[in-house]
Every structure is written in C-alpha cells, then in structure tokens.
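Secondary and tertiary structure notes
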Amino acid sequence: MKNYHNILFLTFGFLFSQIDTTLAIYGESNLFIVDSKNPEITWQYPNGNEEFNQEDIINLAWIGSDDSFTDESISIYFSQNLGHAFEAVEENISNSENYSFNTPDVNSSFSRFKITAIDYYGDRKSVV
C-alpha cells in the first residue's frame, strides 16, 4: 500500500505543478511625436462689413500657420444668411493657395464665410 501512496502523490503533484515562465519582448518603434498646438488661422479678406453684388468675384485671403500642416489643410465654407448652414465651397486645399469665389445669386445682408484648418495630427481651428 505504501507504493500506491507514493505513485498517487507523484501523479497529483505532476497534475497541479506549475511552470514559471516569463515572456520578454524587445523591439524598437518609430519616433513618437506629440502635437498639442492647434493651428492658427485668420481671415484677411473679406473680414467683415464688405458689400458685394451678385456674381462678383471675391479673392479670398487668409493667413494660416502650424508646424504640421499637410498639403490639404484648409477648407472654406459659405452661409448665405444668418441661421443658414455652412456649405462647402472648397475642401482640402493647401494653406498657400488663393481662392476666387463667385458670389451666388442671392439677396442677403448677412452672408458669411468660415475657414477651417486641420493639421497632420487632427488638431482643428475654425474662424467665421
């Protein structure tokens, strides 16, 4: 009976034993860059109180700056009147581009532009 007890103990010991393993992963990654600066953008023209006739051509001007602008950082929107939604005029254009806008055939005293700048990291700034 003594031998059965030792065999039984060895069997239970084998079933409940644990193996201690450690997994170590080593490697390198690309440089991690943190961008906490929002783009800066300012309307140059038109910037308020200008009057235009229907179907005039307006040369829109802005100044935008950011350390991480892409080639498609700027989007321009137009609202025909107060309370109306802004509609895209041009999206994903370069900060260095000029844009000529043909005024629509509307009669409004409160048309507005909005410009949005988005940098490479998704930081956004909009100005109406």
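Here, every reference points to the structure presented above.
Below or above, wherever it landed, is the structure these notes cover.

The rules behind the values
Residues numbered from 1 in each chain as written. Predicted model: local features only at pLDDT ≥ 70, side-chain atom pairs only at ≥ 80, totals over all residues. Heavy atoms only, no water. Patch = residues over 30% accessible without salt bridge, like charges linked within 9 Å, V, L, I, M, F, W, Y side chains within 5 Å. Areas by Shrake-Rupley, 256 points an atom, 1.4 Å probe, with all protein chains shown as cover. Salt bridge = Lys/Arg side-chain N within 4 Å of Asp/Glu carboxyl O. Buried < 20%, exposed > 50% of the residue type's maximum accessible area, 1.4 Å probe, protein only. Helix = DSSP H or I, 4+ residues; strand = E, 2+ residues; numbered from the N terminus. Lys, Arg positive; Asp, Glu negative; His and termini not counted. Polar contact = N/O pair within 3.5 Å; in protein donor to acceptor, adjacent residues only side chain to side chain. Contact = heavy atoms within 4.5 Å. Pairing = 2+ DSSP bridges. Axes fitted to C-alpha atoms, helices over the stretch in contact; angles between N-to-C directions. Core = buried A, V, L, I, M, F, W, Y, C linked by side-chain atoms within 4.5 Å.

Some thoughts on a nonpolar patch on the surface
There is a patch of nonpolar side chains on the surface, built from L31, I33, Y120 and Y121 and spanning about 500 Å² of accessible area. Judged by relative accessible area, which is 75%, L31 ranks as exposed.

Description of the side chain of D119
Its place among the elements puts D119 in the loop between β6 (112-118) and β7 (124-127). Despite its burial, D119 remains without a salt bridge, the nearest opposite charge being carried by K37 at 8.5 Å. A distance of 3.4 Å separates a polar atom in the side chain of D119 from a polar atom in the side chain of S68. For D119, the side chain forms a polar contact with the main-chain nitrogen of D123, separated by 2.9 Å. In this view, D119 contacts D35, K37, P39, D66, S68 and F69; residues no more than four positions away in its chain are not counted.

Remarks on the sheet that holds strand β3 (residues 74-79)
Two orientations exist for strands paired in a sheet by backbone hydrogen bonds: parallel and antiparallel. Strand order in the open sheet formed by four strands is β4-β3-β6-β7, with antiparallel pairing between adjacent strands. For this open sheet the edge positions go to β4 (87-93) and β7, each flanked by a neighbour on one side alone. Mean inter-strand twist for the sheet, computed between neighbouring axes without regard to direction, equals 15°.

Observations regarding the sheet that holds strand β1 (residues 40-45)
As summarised here, the arrangement of the three strands in space is β1-β2-β5, forming an open sheet in which the pairing is antiparallel. Either end of the sheet is taken by a strand with one partner, and the two such strands are β1 and β5 (99-102). Each strand axis lies, on average, 35° off the axis of its neighbour in the sheet, ignoring direction. Of the pairings in the sheet, the one linking strand β2 (residues 57-65) to β5 comprises four bridges and is antiparallel in character. Following the sheet pairing, L60 is matched in β5 by Y99.

Observations regarding the nonpolar core
Among the nonpolar cores identified, the biggest contains 14 residues, and L60, W62, I74, I76 and F113 are the most heavily contacted of them. Mapped onto this core, the elements with two or more residues apiece are β1, β2, β3, β5 and β6. In this structure, F113 is in contact with W43, P46, I58, L60, I76, Y77, F78, F86, F101, V127 and V128, ignoring residues within four places of it in sequence.

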